[in-house]
Amino acid sequence: MEKKPAMLLILYATQTGNALDAAERIGRDAERRGCAASVSSIDDFDASSLPHRDTVIFVVSTTGQGDTPDSMKLFWKYLLQRNIAKNWLEGVHYAVFGLGDSGYQKYNFVAKKLDRRISDLGATAIVERGLGDDQHPSGYEGALDPWMSSLWIMLYQINPKFFPNGPDFVISDTTLIDRPKFQITYLETDKVDLQSSSATGLDRVQMQTGRARSMSPGKVSHIKNIPDCFLKMIKNQPLSRTGCGKDVRHFELEFVSATIQYGVGDVLEVLPGQDPSAVDAFLQRCNLNPESLIIVHPIGIESHHRDAEGNDSKVPIKLKTFVELTMDIASASPRRYFFEVMSVFATAEHEKERLQYFASPEGRDDLYQYNQKERRTVLEVLEDFPSVQMPFEWLVQLVPPLKTRAFSISSSPSAHPNQVHLTVNVVSWTTPFKRKRTGLCSTWLAGLDPQDGVYIPAWFRKGSLPSPPASIPLVLVGPGTGCAPFRGFVEERATQDMSGAAAPIMLFFGCRNEENDFLYKDFWLSHAQNAGPLSIARGGGFFVAFSRDQPQKVYVQHKMREQSERVWDLILEGASIYVAGSSTKMPSDVMSALEEIISKEAGVSRETAVLQLRRLEKDGRYHVEAWS
């Protein structure tokens, strides 16, 4: 048998980058204690070699409604093979740390099921699994710090060779901070044959986007570098009443490059633009030349290669363009390691001391108050510590990547062949210290003028709401912007009606006030009349809960209970149930209402109703898409 490597292997599965951050943090902490560590994405690891590893740490996030990250799907499928022996991982020591959000029903579901499966296959847990929670006052780090302390103690007891000087010995010399992982090659303008110099308009934007994102260290596995297509906004329409405290928009976007075939229930991912004044301020603060031509590539990897999509990494890009398309400098908050590296480059002693404190376990809560709770941006942090001059290599590595934002599509391609529609809440809030904050992508979209013809990079993907066949009745629950995908469902049914009557739809919508935020009022009411897909005459129905229009608050679950018999009749006819909207309480309140309805109408116990609802879920007749 192959000899097991004497190294701590850390495997991460991430959807947005948080699990990667946590994995790298564990790896750095291990190396500072004298323990060799290797950090890898789980999709780069050969699952069949797992029994030949001595010690493995898994860091995994949970996405959506208990879903595994895309990068983990093949690994998980391999572990579920029936022909794997129960003692397959005997002799392997492991630990699991999960990242999740307790606002969701299936909190840290992936970490829990991975822990169980690895244990069932004969591996020995080093410590009890750790569960990081976005709702914790310090985010996932609130659980990660104590979990790591226990991990090192128990790992030392299992094999003292991991820590030659003991688990409490820490190399504190700041010179041992890793060198940056990325190298920047600067080229002289007159010696460069720029491929995009002759390209104009859409071609130029497409080349720059693909090139910049192929160089970015923050690539997420399920997103390709080159967008599926580019869109232009043709309509920017407010749906909520001006001054009501909400700003909900209806956006109509038109394909300007290849038309992508999408289905109702699909998701559109948009790469937002950044405020030009913020980009300029960042470049000035960091003493960067916006016109510099650069190539970014990982240390130790030859800079001249093509990625999987054919982007030539030897072709340079303007530094300013790279920042604009890949580095989130004025929206996302930096990680703790950013403050640690900043402390090395601080020349003012009081700044250095404060940064070192923020990077320490003792300063974790104060850092959270200063950074995450206030949602301070990279630019704001750099401006608060003016003596720090970080090399661009470090900024490329540590500035949070500019991420795409996902939106449920609110149109049917049958009704709008060359378009895709979105229903977007323009996000804004006030921090504890009264700073006004806005959502990067929603604010950017809301500020676009259709006359300007801005190219919008976009990717399409399947969401949690599969497109239903025309013959299946539907029970849809979508309060607020949760109604977005169901606008597409209703449009699709209306189109299907032209070639024969499709099955009915029962829709429960909710908002605060009829006058302020009754989204798509005329659309719903028109399809609830004249034997439309939402009409009671067809066996469907449209029911609205206005939560603030009367002294007693009324929500969608109350309207569902009022229509208990109708809901049950549709379920008996084979209806599928779809729920979309806020992840806080709504999905669990809706599920509770459905349990009540089944118990009452079928004359069974609540426990039996719960089992029947689980059966619907297992049979693919119960779907939830929720967001925080």
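All values derive from a computational prediction rather than experimental measurement. (Residues numbered from 1 in each chain as written. Predicted model: local features only at pLDDT ≥ 70, side-chain atom pairs only at ≥ 80, totals over all residues. Heavy atoms only, no water.)

A. Geometry of the packing of aromatic side chains. Taken as a whole and judged by the stated rule, the model has 22 aromatic pairs. On the basis of an interplanar angle of 50° and a centroid distance of 5.2 Å, the ring pair of F97 and W147 is categorised as tilted. With F97 in strand 4 (residues 93–100) and W147 in helix 4 (residues 141–158), this pair connects stretches of sequence that are 50 residues apart. When sorted by exposure, F97 lands in the same class as W147, which is buried. Geometrically, the ring pair formed by F509 and F518 is stacked, given 5.8 Å between the ring centres and 15° between the ring planes. Three or more aromatic residues joined by ring pairs form one cluster here, namely F509, F518, Y520, F523, W524, F542 and F546. The residue whose ring lies beneath R354 is Y370, and the NZ or CZ to ring-centre distance is 5.1 Å. (Phe/Tyr/Trp six-rings, centres within 6.5 Å; stacked < 30°, edge-to-face > 60°. Helix = DSSP H or I, 4+ residues; strand = E, 2+ residues; numbered from the N terminus. Buried < 20%, exposed > 50% of the residue type's maximum accessible area, 1.4 Å probe, protein only. Lys NZ or Arg CZ within 6 Å of the ring centre and 35° of its normal.)

B. Here's a closer look at helix 3 (residues 109–120). Along its 12 residues, helix 3 runs 17 Å from first to last C-alpha, staying within 8% of the 16 Å computed at 1.5 Å per residue. V110, A111, K113, L114, D115, R117 and I118 are the residues of helix 3 that are buried. Of the surrounding secondary structure, the elements contacted by the buried residues of helix 3 are strand 3 (55–61), helix 2 (73–79), strand 4 and strand 6 (130–133). Just beyond helix 3, the residue with positive phi is G122, at close to 100°. (Expected span 1.5 Å × (residues − 1). Contact = heavy atoms within 4.5 Å.)

C. Here's a closer look at the side chain of R285. Locating R285 in the fold gives a position in helix 6 (residues 276–285). Of the side chains with opposite charge, E351 lies nearest to the buried R285, which makes no salt bridge, at 6.4 Å. Excluding residues within four positions of it along the chain, R285 makes contact with L382, E383, F385, P386, V388 and Q389. (Lys, Arg positive; Asp, Glu negative; His and termini not counted. Salt bridge = Lys/Arg side-chain N within 4 Å of Asp/Glu carboxyl O.)

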